[in-house]
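This is what each chain is made of:
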Amino acid sequence: MPRNALLLLSRLLLAALFVPSGFQALSDIAGTTGYFAGLGLPLPTLAAWGTGLFELIVGLLILVGFQTRITALLLAAFCIAAGFIGHYGQGGGDAMLAFLHQQMLMKDIAIAGGFLALAMAGAGAWSVDGRIIAGGS
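Worth saying up front: this structure is predicted, and the values here are computed from it rather than measured. (Residues numbered from 1 in each chain as written. Predicted model: local features only at pLDDT ≥ 70, side-chain atom pairs only at ≥ 80, totals over all residues. Heavy atoms only, no water.)

## Quick look at the overall build of the protein
So, point 1. In terms of regular secondary structure, the protein is built from six helices and zero strands.
So, point 2. Order of helices (α) and strands (β) in the protein, N terminus to C terminus: α-α-α-α-α-α.
So, point 3. Overall, the protein is about 55 × 30 × 20 Å in size when its C-alpha atoms are taken along their principal axes.
So, point 4. Evaluated residue by residue, the protein yields a buried proportion of 34% over its 137 residues.
So, point 5. Considering only intrachain contacts with a sequence separation of at least 6, the fraction spanning at least 24 residues in the protein is 70%.
So, point 6. If you sum the accessible surface of the protein, you get close to 7,800 Å²; carbon and sulfur atoms cover 74% of it.
So, point 7. One finds the centroid of the 5 positive side-chain charges in the protein at a distance of 20 Å from the centroid of its 5 negative side-chain charges. (Helix = DSSP H or I, 4+ residues; strand = E, 2+ residues; numbered from the N terminus. Buried < 20%, exposed > 50% of the residue type's maximum accessible area, 1.4 Å probe, protein only. Contact = heavy atoms within 4.5 Å. Areas by Shrake-Rupley, 256 points an atom, 1.4 Å probe, with all protein chains shown as cover. Lys, Arg positive; Asp, Glu negative; His and termini not counted. Charge placed at Lys NZ, Arg CZ, Asp CG, Glu CD.)

## Digging into the packing of aromatic side chains
So, point 1. Scanning the model with the defined rule gives five aromatic pairs in all.
So, point 2. Aromatic side chains Phe54 and Phe78 sit 5.0 Å apart centroid to centroid with 40 degrees between the ring planes, which places their arrangement in the tilted category. Placement of Phe54 in helix α3 (residues 44-64) and of Phe78 in helix α4 (residues 68-86) is noted, with a sequence separation of 24 residues between them.
So, point 3. Overall, Phe54 belongs to the partly exposed group, its relative accessible area being 24%.
So, point 4. Consider the rings of Phe84 and Tyr88, whose centres lie 5.6 Å apart with planes at 45 degrees: the pair is tilted.
So, point 5. Counting every residue linked through ring pairs, the aromatic cluster contains Phe18, Phe54, Phe78 and Phe115. (Phe/Tyr/Trp six-rings, centres within 6.5 Å; stacked < 30°, edge-to-face > 60°.)

## A word on α3
So, point 1. For α3, built from 21 residues, the straight-helix expectation of 30 Å at 1.5 Å per residue is met to within 8% by its first-to-last C-alpha distance of 30 Å.
So, point 2. Here the buried face of α3 lies against α1 (3-27), α2 (29-38), α4 and α5 (95-121). (Expected span 1.5 Å × (residues − 1).)

## As for the nonpolar core
So, point 1. Membership of the largest hydrophobic core comes to 18 residues, with the highest contact counts inside it found for Phe18, Ile62, Leu75, Phe115 and Leu118.
So, point 2. Here Leu75 is in contact with Phe18, Phe54, Val58, Ile62 and Phe115, once residues within four sequence places are set aside. (Core = buried A, V, L, I, M, F, W, Y, C linked by side-chain atoms within 4.5 Å.)

## As for the packing of α1 against α3
Any two packed helices are characterised by how steeply their axes cross, that is the angle between the axes, and by the distance between the axes.
So, point 1. Put simply, α1 and α3 touch, their axes get as near as 7 Å, and they point 150 degrees apart. Relative to α3, the element α1 lies roughly antiparallel. With respect to the hand of their crossing, α1 and α3 are arranged in left-handed fashion. Residues Arg11, Leu12, Leu14, Ala15, Phe18, Val19, Ser21, Gly22, Phe23, Ala25 and Leu26 of α1 form the contact with α3, whose own contacting residues are Trp49, Gly52, Leu53, Glu55, Leu56, Gly59, Leu60, Ile62, Leu63 and Val64.
So, point 2. Residue composition of the contact of α1 with α3, grouped by class: 15 nonpolar, four polar and two charged. (Axes fitted to C-alpha atoms, helices over the stretch in contact; angles between N-to-C directions. Parallel < 35°, antiparallel > 145°, perpendicular 65-115°, else oblique. Left-handed = near helix turned anticlockwise from the far one by under 90°. Nonpolar A, V, L, I, M, F, W, Y, C, P; charged D, E, K, R; others polar.)

Structural measurements only, silent on function.
Set out below in structure tokens:
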């Protein structure tokens, strides 16, 4: 598969995680706030709005390929932070729940790796970034 097609597919798959997640967080702000409150985060309502908006906006930026290298680095850091805040050491005495949280942490770390690769490769020609570069040459 050509490089630009793979980069587009990468962006679509990564955005498919963040755009719906951000939309869901904003659509159920009370539930999202409750989740963050349950984690013991300060200002859970602010965290819910901030996280929902962040996920939606940066997901859309990745989708269209605008400022992809910077956005991918931000999302890599977000994935690591979210993984450790939301999943590290969670599950208490329930072995099944602890296992699921461990898997979710590893998933977040893996997604961060995908974003680091995207930050290195860039968005490709089939993106806003690609059009800006082609138009500027």
